[in-house]
Amino acid sequence: MNYRAIVKRLPLVGNILRNNPKLMQAAVNVESKLIAKEVPVNTGLQVHVPTPINNDPALLADAKHHGLFDFSWYCDVQDKPFDSETSAFNDYLMKSRFSSVSPSPAFNNWDYLKNNLDVYHFGLSPLEHYVTTGIKEGRINTPFAPRWEPNDKIVSDIDSELINTQKVAVCLHVFYADFLDYYRQCLEHFPVNVDVFVSVSDIALKETAIEKLGALNTVNNIEVVAVPNRGRNFGPMLVEFGQKLLDYDLFCHLHSKKSLYSGRPQTQWADYLGEFLLNDANVIAKAITHMAKDEQCGIYYPTSFMMMPDWVNHWLKNKPFKSKYFEEWGMTDHSEFIAYPVGGMFWAKPSALKQLLDKDYQYEDFPAEPLPNDGSELHALERCIGLLAERNGYKQLFYYPELGRFTQDKSHLFANYVCSQEQLLHKIQPFDIISFDVFDTLVRRSHFVPDYAKLKLGQYLVEQGEVKDAHAFVKLRNAAEFTVRKQKNFKGDVKIVETYQQLGKELGWDEEKSQRYSDMEFAYDLDMIESKDEVVDILNALIGQRKTVYIISDTYYSEHQIVLMLRKAGVTNGYQLYVSSELDLRKDSGTMWAFMKEHLADKGSFVHVGDNAVADAQIPGDFGLTNLHILNPMDKWQAAGWDNPFTEGNELNEQQILKWGPLISQFGRFPFLGE
C-alpha cells in the first residue's frame, strides 16, 4: 500500500506521516518506486534529469496530499520517461515557471500564472506557491483544461541512429554573458553531436565561450566571433555564418534574451524557448527525428510563449516592412495573423531558408540601433521566417507544451480567441471605465467592405453624368482624402466634408454639391450599418450597471454621424463619445491614448475593447493602458481557414462583395471563436 492509498484509506495514519518528516520521506520513496514500475521508460535516449530546484520532500508530499501532482498523468501528458517520481516533479517545477505544463488534472498551471501575475513576475512555480502560500491566501486553483487541442497528432519516436547521421549546427548570438552557462548546460546532454557557431557582443566573451562550450563532448567544432551591435540576432548569424550553415542538414538558432517587466529582468520567455529548442533532450531528439524522417518538414519551434499578448502572431506595426522580403523572395500571403518563431529562435533545414542564408550580407544591410520595440525591418524578417519555409515547399512543425504534443496545426494562433459572450462580459466586469471602438466592434457593415459605400456613390454619380467610372471615382475620392491629410501634415484626422471640398475643387463642384455628395456617401454607409449584437448587449449591460463607458473611434465621420450609426446598432445613450475627426487626436498615432492616459485618474480601472491589433491593442498597451483585442470579421474568417476573397485586384470587385461580404459580416458578428 503506498502513501496515497494510506492517506485515503487510513486518515489517522496519514496524519502521523505528515507530522513525521522521516516517515513521510520513506512513504514517498516507496510510492516513487512503485509508480516508477508502472511507467514505461524509453531506453532510446539517455534523458537528462533536471537538477532539483526544491529539495524539500515535504513539497512533493504536500502536492500529492492535496491531489495536485499525479506522476503517471504527468508522464503520459508530457510523453517523457522519468526514472522516479521526484525527477518528474522536478521537471514540472522547473518548466512550470515559464510554460503551461500542468502537474495533474486537478491543477491548471496556465490559469494560475495568468491570474497571479506576482507569482509569474517572481519566477515561482505555481504549484509550489499554491501549496505553500496560495491555499492560505485563498487563491483560486482551477482544474486542468487545455486552451487548445491540435487537430493532428504527430508521433515521433526517437530514432537515435537516424539523428546521429544528421550534420547539425547550433548558432548562438550571446549578448548577455550569463547565458553561456545555460548553453553549456543544454549542450552537455545534447542528443547529437554538433558544430557550434557563436557570435558575442563583447570581445572579452570570446575566450569564455570557447572555454565553456568548446570542451564539451557533444561539441565537434566551435567558431566564435566578436560582432558589432547591429542587426540584433539576425545580423551576426547572416553576416558571419549564413552561407556556412548551408552545409548542414539542420541548424538551430538561439540568442540570449531578457525582457523587462515590473522593473526587473525577466528570463521566462528565453527560458521557454531555450527549454524546447535546446535544453529538453527528449523534445529535441523527437523534433530532429521527425525533421529527418519528413522531407517536407522544414522548420520547428514551440508555439508562442503563453504570457505574450493574444495578438502576438499579428503583423502589427511591421506590415509596411514586409514588402522588401516578399518581393525579394517571391512570396504572397494576405493573412493578418501568421505562424512565425516569436522571439526569432528556431530549428530549420537550411534548404528551407535558402534565399535568406545564401546571400552576402554586410552589417550595414541592417538598421542601426536603437531600434523600436516593434515596427522594424528585423521584426518583419522574424515574421517572414515561417512563410519563407512554406514558400519553398516545406511545412512548419510546432511543439505545444501544455499537451506535450508536436503538431502542424496552425490554429494555435487563435487559441486565446475562444470566448463566449458570458466570458467576455466576465473579463470586462472588473473594470470601472470601459471604452469601445466603433467599426467592427460595436457596428459592422452588411457587406463588410468599408469602401463599398464609396463605390455605390460612384455608381450613382456615373448615372448622373458626374463621373465616367465608379471605380475611378473611389480612387479619386481616396486620393482627395490623402491630399487633405498631407495638407494637415498628417496631424489629427480629416473630416469627410473636407475630403469632398477637395474633391469638389478637382471635379468643379460647388459647395452645395460637395456637401450633398458627402452626405450621400454617409447615407450609403449608414444604410449598410448593422449591430454586433453580442458586444452591443454587453455595452448596454455595463451602462445599466452604472459603469463609465467611452466610445472611441478613428474616423472621418462627424460625431453626429457616428451617433446615428450607433443608434441604428442599438447604442442609444449613457456613453461619452470621442471621435478623431472632432478632436484632432488619433488612436493609430497614439495621440488619443496619450490624451486618455492623461485624462484617467486611475488608469488601472480602465480597459479598451477593439478589433484593430495596432490602434486598439498594441498602441494603448504601449501607454500602459489595459486592452482586450477582439477579432474583426476578416480575422475570424481566416481563423476558420478560409481565404480572403478581397485580394489580388478583388478589393472592390462588386460581384465578390455581393457574394462574400454578407457571409463574412455575419460570420464575424460575434468577435470570438467557439460561440
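Above this text sits the structure in question.
Summary of the structure given here. (Residues numbered from 1 in each chain as written. Predicted model: local features only at pLDDT ≥ 70, side-chain atom pairs only at ≥ 80, totals over all residues. Heavy atoms only, no water.)

Quick look at the overall build of the chain
Note the cut-off: Going along the chain from the N terminus, every DSSP run of H or I of four or more residues is numbered as a helix, and every run of E of two or more is numbered as a strand. A radius of gyration in this sense is built from C-alpha atoms; the matching globule rule multiplies 2.2 Å by the number of residues raised to 0.38. We call two residues contacting when some pair of their heavy atoms lies within 4.5 Å. A residue counts as positive if it is Lys or Arg and as negative if it is Asp or Glu; His and the chain ends are not included. The atom standing in for a charge is NZ when the residue is Lys, CZ when it is Arg, CG when it is Asp and CD when it is Glu.
Assigned secondary structure in the chain consists of 30 helices and 17 strands. Scaling as 2.2 N^0.38, a compact globule of 675 residues should have a C-alpha radius of gyration of about 26 Å, and the chain matches this with 29 Å. The principal-axis extents of the C-alpha atoms in the chain amount to approximately 90 × 65 × 45 Å. Put simply, 75% of the contacts in the chain that link residues at least 6 apart link residues at least 24 apart. The average position of the 68 basic charges and that of the 90 acidic charges among the side chains of the chain differ by 2 Å.

Re the pairing of strand β16 (residues 606-610)
Spelled out, the test is: Burial classification: accessible surface area is computed with a 1.4 Å probe over protein chains only, and a residue below 20% of its type maximum counts as buried, one above 50% as exposed, and the rest as partly exposed. For two strands to be treated as a pair, DSSP must find no fewer than two bridges joining them. Think of it like this: strands point away, you trace from the first strand over the helix to the second, and a clockwise trace means the crossover is right-handed.
Most of β16 sits inside the fold, with five of its five residues counted as buried. The alternating pattern of β16 places Phe606, His608 and Gly610 on one face and Val607 and Val609 on the opposite face, and all of these are buried. One ladder, built from four bridges, connects strand β11 (residues 433-436) with β16; its direction is parallel. Bridging across to β16, Ile434 finds its partner in Val607. Bridging between β16 and strand β17 (residues 626-629) involves four bridges; their strand directions are parallel. Note on β17: the bridge partner recorded for His608 is Asn627. Assessed by its sense of winding, the connection that carries the chain from β16 through helix α28 (residues 613-622) to β17 is right-handed.

Observations concerning the packing of aromatic side chains
For clarity, the cut-off: Aromatic pairing here means that ring centres of Phe, Tyr or Trp (its six-membered ring) are within 6.5 Å. Orientation follows from the plane angle: under 30 degrees is stacked, over 60 is edge-to-face, and everything else is tilted.
What the rule picks out here adds up to 43 aromatic pairs. Ring geometry for Tyr272 versus Phe305: centroids 5.5 Å apart, planes at 45°, classification tilted. Of this pair, Tyr272 sits in helix α14 (residues 268-279) while Phe305 sits in the loop between β7 (297-302) and α16 (323-329), and the two are 33 residues apart along the sequence. Taken together through their ring pairs, the aromatic side chains of Tyr120, Tyr272, Phe276, Tyr300, Phe305, Tyr399 and Phe406 make up a single cluster.

Remarks on the side chain of Asp91
Under the convention used in this document: Under the rule applied, a polar contact is a pair of N or O atoms within 3.5 Å (in protein, one hydrogen donor and one hydrogen acceptor; residues adjacent in sequence only if both atoms are side-chain atoms).
In this fold, Asp91 is placed in helix α6 (residues 85-95). A polar atom in the side chain of Asp91 sits 2.7 Å from the side chain of Tyr74.

Looking at the nonpolar core
What counts is decided by this rule: Nonpolar cores are built from buried Ala, Val, Leu, Ile, Met, Phe, Trp, Tyr and Cys residues. Side-chain atoms within 4.5 Å join them into one set.
Counting residues in hydrophobic clusters, the biggest one holds 195 residues, and the most contacted among them are Leu187, Tyr300, Trp347, Leu353 and Leu566. In this structure Leu566 touches Val438, Leu442, Val443, Ile551, Val571, Tyr575 and Leu577, once residues within four positions along its chain are discounted.

Some thoughts on the sheet that holds strand β4 (residues 250-255)
How we decide: All axes here are fitted lines through C-alpha atoms, helices being fitted over the stretch that makes contact, and every angle between N-to-C directions spans 0 to 180 degrees.
The mixed open sheet is built from eight strands, whose spatial order is β3-β2-β1-β4-β8-β7-β9-β10. Because the sheet does not close on itself, it has two edges, and the strands there are β3 (219-226) and β10 (405-407). Mean inter-strand twist for the sheet, computed between neighbouring axes without regard to direction, equals 15°. In this sheet, β3 lies alongside strand β2 (residues 194-200) in parallel orientation, the contact comprising seven bridges. From the neighbouring strand, Val194 faces β3, where its bridge partner is Val219. Of the strands in this sheet, β4, β7, β8 (346-348), β9 (395-400) and β10 touch helix α15 (residues 281-293), which is tilted by about 160° from β7. Along the sheet, helix α18 (residues 377-391) makes contact with β7, β8 and β9, crossing β9 at roughly 135°.

Let's talk about helix α5 (residues 71-78)
Buried residues dominate α5, accounting for six of its eight residues. Residues of α5 that are buried include every one of Phe71, Trp73, Tyr74, Cys75, Val77 and Gln78, and no others. Between a side-chain oxygen at the N-terminus of α5 and the backbone nitrogen of Ser72 the separation is 3.3 Å; the capping residue is Asp70. Among the residues trailing α5, Asp79 stands out with phi positive, at a value near 50°.

With respect to the sheet that holds strand β15 (residues 576-579)
An order of β15-β14-β11-β16-β17 is seen for the five strands of this open sheet, with the pairing classed as parallel. In this open sheet, the two strands that pair with only one neighbour each are β15 and β17. Averaged over all neighbouring strand pairs, the angle between strand axes comes to 20°, with direction disregarded. Where β11 lies against strand β14 (residues 548-553), four bridges are found, and the strand directions are parallel. Counted as the bridge partner of Ile433 is Thr548 from β14. The sheet contacts of helix α19 (residues 421-428) involve β11, β16 and β17, and relative to β17 the element is tilted by about 170°.

Some details on helix α23 (residues 511-528)
The condition is simple: In this analysis, the expected span of each helix is defined as 1.5 Å times one less than the number of residues it contains.
Across its 18 residues, α23 extends 26 Å between first and last C-alpha, which sits within 8% of the 26 Å expected from 1.5 Å per residue. Along α23, the residues classified as buried are Ser514, Tyr517, Ser518, Met520, Glu521, Phe522, Asp525 and Met528. Looking at the buried residues of α23, the elements they touch are β12 (443-445), α20 (452-463), α21 (470-487), α22 (496-507), β13 (529-531) and α25 (559-568).

Focus: the state of the cysteines
Heads up, the condition is: Here, the term disulfide refers to a pair of cysteine sulfur atoms separated by no more than 2.5 Å.
As enumerated under the stated definition, the model contains zero disulfides in all. Free cysteine: Cys186, not disulfide-bonded; nearest cysteine sulfur from Cys252 at 9.5 Å. Given a relative accessible area of 1%, Cys186 falls into the buried group.

A few points about unusual backbone geometry
For the bond running from Glu369 to Pro370, omega is 0°, close enough to zero to count as cis. Relative to the helices and strands, Pro370 resides in the loop between α17 (354-357) and α18. Phi at Asp79 takes a positive value of approximately 50°, unusual for a residue other than glycine. Along the polypeptide, Asp79 turns up in the loop between α5 and α6. With relative accessibility at 43%, the residue Asp79 sits in the partly exposed group. Its identity is not glycine, yet Arg232 carries a phi of approximately 45°, on the positive side. Among the structural elements, Arg232 can be located in the loop between β3 and α13 (234-245). Look at Arg232 and you get partly exposed, because its relative accessible area is 32%.

So, the pattern of salt bridges
Let me state the cut-off plainly: What counts as a salt bridge is simple: a side-chain nitrogen of Lys or Arg found within 4 Å of a carboxyl oxygen of Asp or Glu.
All told, the structure shown has 37 salt bridges when counted by the stated rule. Residue Arg139 is joined to Asp118 by a salt bridge in which the shortest nitrogen-to-oxygen separation is 2.8 Å. With Arg139 in the loop between α9 (126-137) and α10 (160-163) and Asp118 in helix α8 (residues 117-121), this residue pair connects regions lying 21 residues apart in the sequence. The class for Arg139 is partly exposed, based on a relative accessible area of 21%.

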